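Structure at a glance
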Amino acid sequence: MIGIIFLVFVVFLALGVPIAFSVGWTSLVPYLMDSGFTADSEFVFRTMVNGLDSYVLLAIPLFMLSSSIMAASGMSDRLFNFFAYFFGERPAGMPIAVVITCLFYGAICGSGPATVAAIGTMCIPLLVRLGYDKDFVTAMTAVSGGLGVIIPPSIPYITYGLATGASVGDLFIAGFAPGILIAICLIAYVMYYIRHHDTSGLRIKEEADALKAMGFGKVFRRGFFALFAPVIILGGIYTGICSPTEAACISVVYALLVGVFAYRTIRFKELVSCLIDTAKTATPVMLILCCCTVFGRILNILNVPQTLAEIVTSNIDSKILVLLAINIFLLFTGMVMDTVPAILILAPIFWPIVQSYGVGAVHFGIIMSVNLAIGFVTPPIGTNLFVAQSLTGTPIARIAKNAMPFIGMFLIALMLITYIPQISEFLPALLSTK
């Protein structure tokens, strides 16, 4: 029965059936094969409804809404100018400022594609105008956008917490150090690339001089509310003042206050547009969530996670090999499946396996999220690639080719995160929300 279930699921995906419907119809396969099976159509529907009745899940649409409002308010431009003020005079300075801006913006929105869209809209045309190679800049922005789901707040962390019962607050705390590590790796390649390419044609002096002429005080004042957003959102979680869901509510209120009163860029029309965009984005995600909740429940009834854990542990003694195999599988999964369904389907299956080898729940959540973040920039799905392509018109194949070195640096960071658990676990140990 288990083999048939996964075969039907793969067939549905191959036929192009939307992921939510693929998972939903597959969940009915055991009952159709055996009318005495617990999960009949009433069970499936009831579990779907109950799956959405979750306080933790409220954080997902709320973070999406705050991200949309912050993007409309122009926070990304102010963040970039702040970091470009410090690095802009160097040949690699402007690209480095883009990576750091993606890191900070990820701490505001929690979405990879949203980070690419917000940062790329302003930064890509600017850097191309300053003389940087268009393909390089586009690929760099697409890959750096992956930081949006590594640095907290992160929708994949919320999803993983829902699937495994891990503390979402601890996941948010744990994601901070891996996010910085990945950013450092990306910056290292940026510096290598610029050093080995001709920079005589760069026209950065005028832009850097304009920022210097504004003075640090003005640049800081213009970017203060954007810089303070992660402090508001994450500070409450790290100090235990509020839960991730409450932090998501705070982020919406903060975004509205900044957009309406501080920056004065959000009017009623823009707010309505943000609400509509959030509804369009959140609805498919929530449908996938409730369908995958049913699928995970059925797999548990069939004891699939426990059976696989017994098979793996009885045949493989090496923790290193098991984690390597799971990483490879997740990398390929990220190429063909979006992050949310991948986590909801695979986390309950893999978690019992890695748990038997002594891997912590928070550590494995970071490993999964980093793997699937790489999927944002790997064809055929590669959501970040398509967002970047829509901004520049550059063919996907060229963006993907220029993204490979950045992906290589991402993979180096992934290996460090996988085999050095302290990178993910030392902050939760200091600031545990439990």
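Use the structure listed above.
Residues numbered from 1 in each chain as written. Predicted model: local features only at pLDDT ≥ 70, side-chain atom pairs only at ≥ 80, totals over all residues. Heavy atoms only, no water.

1. Let's talk about the overall build of the protein chain
Regarding its fold elements, the protein chain presents 22 helices and zero strands. Relative to the compact-globule value of 22 Å for 434 residues, the protein chain shows a C-alpha radius of gyration of 22 Å, a close match. In terms of its C-alpha atoms, the protein chain occupies a principal-axis envelope of roughly 75 × 50 × 45 Å. Considering the protein chain as a whole, with its 434 residues, one finds that 56% of them fall into the buried category. Within the protein chain, counting contacts between residues at least 6 apart in sequence, those at least 24 apart form 80% of the total. Within the structure as shown, the protein chain displays about 18000 Å² of accessible surface, and the carbon and sulfur contribution to it stands at 68%. On the protein chain, the mean spot of the 21 positive side-chain charges and the mean spot of the 20 negative ones are 13 Å from each other. (Helix = DSSP H or I, 4+ residues; strand = E, 2+ residues; numbered from the N terminus. Rg over C-alpha atoms; globule rule 2.2 N^0.38 Å. Buried < 20%, exposed > 50% of the residue type's maximum accessible area, 1.4 Å probe, protein only. Contact = heavy atoms within 4.5 Å. Areas by Shrake-Rupley, 256 points an atom, 1.4 Å probe, with all protein chains shown as cover. Lys, Arg positive; Asp, Glu negative; His and termini not counted. Charge placed at Lys NZ, Arg CZ, Asp CG, Glu CD.)

2. Let's talk about unusual backbone geometry
Cis geometry marks the peptide bond from P152 to P153; its omega dihedral reads 0 degrees. In this fold, P153 is placed in the loop between α9 (134-144) and α10 (155-164). Non-glycine residue R264 carries a positive phi angle of around 55 degrees. Note on placement: R264 falls in the loop between α14 (244-262) and α15 (268-301). On the basis of relative accessibility, which here comes to 60%, the residue R264 falls in the exposed class. Here N303, not a glycine, exhibits a phi torsion of approximately 60 degrees, which is positive. Within the element layout of this structure, N303 appears in the loop between α15 and α16 (304-315).

3. A few points about the layout of surface pockets
In this structure, the largest pocket encloses a volume near 630 Å³. As for the largest pocket, its lining consists of 27 residues, and the residues nearest its centre are M64, S111, P113, A114 and T281. Going through the elements one at a time, α5 (59-73), α8 (112-129), α10, α15 and α18 (339-355) are the ones with two or more residues in the lining of the largest pocket. Looking at side-chain class alone, the lining of the largest pocket contains 16 nonpolar, nine polar and two charged residues. Estimated volume of the second largest pocket: approximately 420 Å³. Within the residue set of the lining of the second largest pocket, elements represented by two or more residues are α1 (2-14), α16, α17 (319-336) and α18. (1 Å grid on protein atoms, 1.4 Å probe; cavity = no way out; pocket = protein on both sides within 12 Å on 5 of 7 lines; lining within 4 Å. Points joined across faces, edges and corners; volume = space filled by probe spheres on them. Nonpolar A, V, L, I, M, F, W, Y, C, P; charged D, E, K, R; others polar.)

4. Examining the packing of aromatic side chains
Summed over the entire model, instances satisfying the criterion amount to 24 aromatic pairs. Aromatic side chains F63 and F172 sit 6.4 Å apart centroid to centroid with 55 degrees between the ring planes, which places their arrangement in the tilted category. Within this pair, whereas F63 is found in helix α5, its partner F172 is found in helix α11 (residues 168-174), the two being separated by 109 residues in sequence. A single burial state applies to F63 and to F172, both of which are buried. (Phe/Tyr/Trp six-rings, centres within 6.5 Å; stacked < 30°, edge-to-face > 60°.)

5. So, the pattern of salt bridges
Pairs can form between side chains of opposite charge once their charged atoms are near each other. Per the stated rule, a full pass over the model turns up four salt bridges. The closest approach of N and O atoms between D135 and R398, which form a salt bridge, is 3.0 Å. On the criterion of sequence distance, the pair formed by D135 in helix α9 and R398 in helix α21 (residues 396-419) is long-range, its members being 263 residues apart. Note on D135: relative accessible area 12%, which makes it buried. Classification of R398 by relative accessible area gives partly exposed; the value is 41%. One salt bridge connects D209 with K205, and the closest N-O pair in it is separated by 2.7 Å. Remark: K205 and D209 occur in helix α13 (residues 205-238); sequence separation between them is four residues, near one turn of the helix. (Salt bridge = Lys/Arg side-chain N within 4 Å of Asp/Glu carboxyl O.)

6. With respect to the side chain of S27
With respect to the element layout, S27 can be found in the loop between α2 (19-26) and α3 (29-33). Beyond its immediate stretch of four places on either side in the chain, S27 contacts V44, C291, V294, F295 and I298.

7. Quick look at α21
Here α21 contains 24 residues, and its C-alpha end-to-end distance of 33 Å stays within 8% of the 34 Å for a straight helix at 1.5 Å per residue. Approximately 40 degrees is the largest bend angle found in α21, and it occurs at M404, with the proline P405 only one to four residues beyond. Residues of α21 that are buried include every one of I399, A400, A403, F406, I407, M409, F410, A413, L414, I417 and T418, and no others. Against α9, α12 (176-195), α17, α19 (361-374), α20 (383-392) and α22 (422-431) lie the buried residues of α21. (Expected span 1.5 Å × (residues − 1). Bend = angle between axes of the 7 residues up to and from the residue.)

8. As for the packing of helix α7 (residues 93-109) against α9
Direction vectors running N to C along α7 and α9 enclose 20 degrees, while the axes themselves pass 9 Å from each other. Between α7 and α9, the angle falls in the class roughly parallel. Between α7 and α9 lies a crossing whose hand is right-handed. Seen from α7, the contacting residues are P95, V98, V99 and C102; seen from α9, they are F136, M140, T141 and S144. Residue composition of the contact of α7 with α9, by class: six nonpolar, two polar and no charged. (Axes fitted to C-alpha atoms, helices over the stretch in contact; angles between N-to-C directions. Parallel < 35°, antiparallel > 145°, perpendicular 65-115°, else oblique. Left-handed = near helix turned anticlockwise from the far one by under 90°.)

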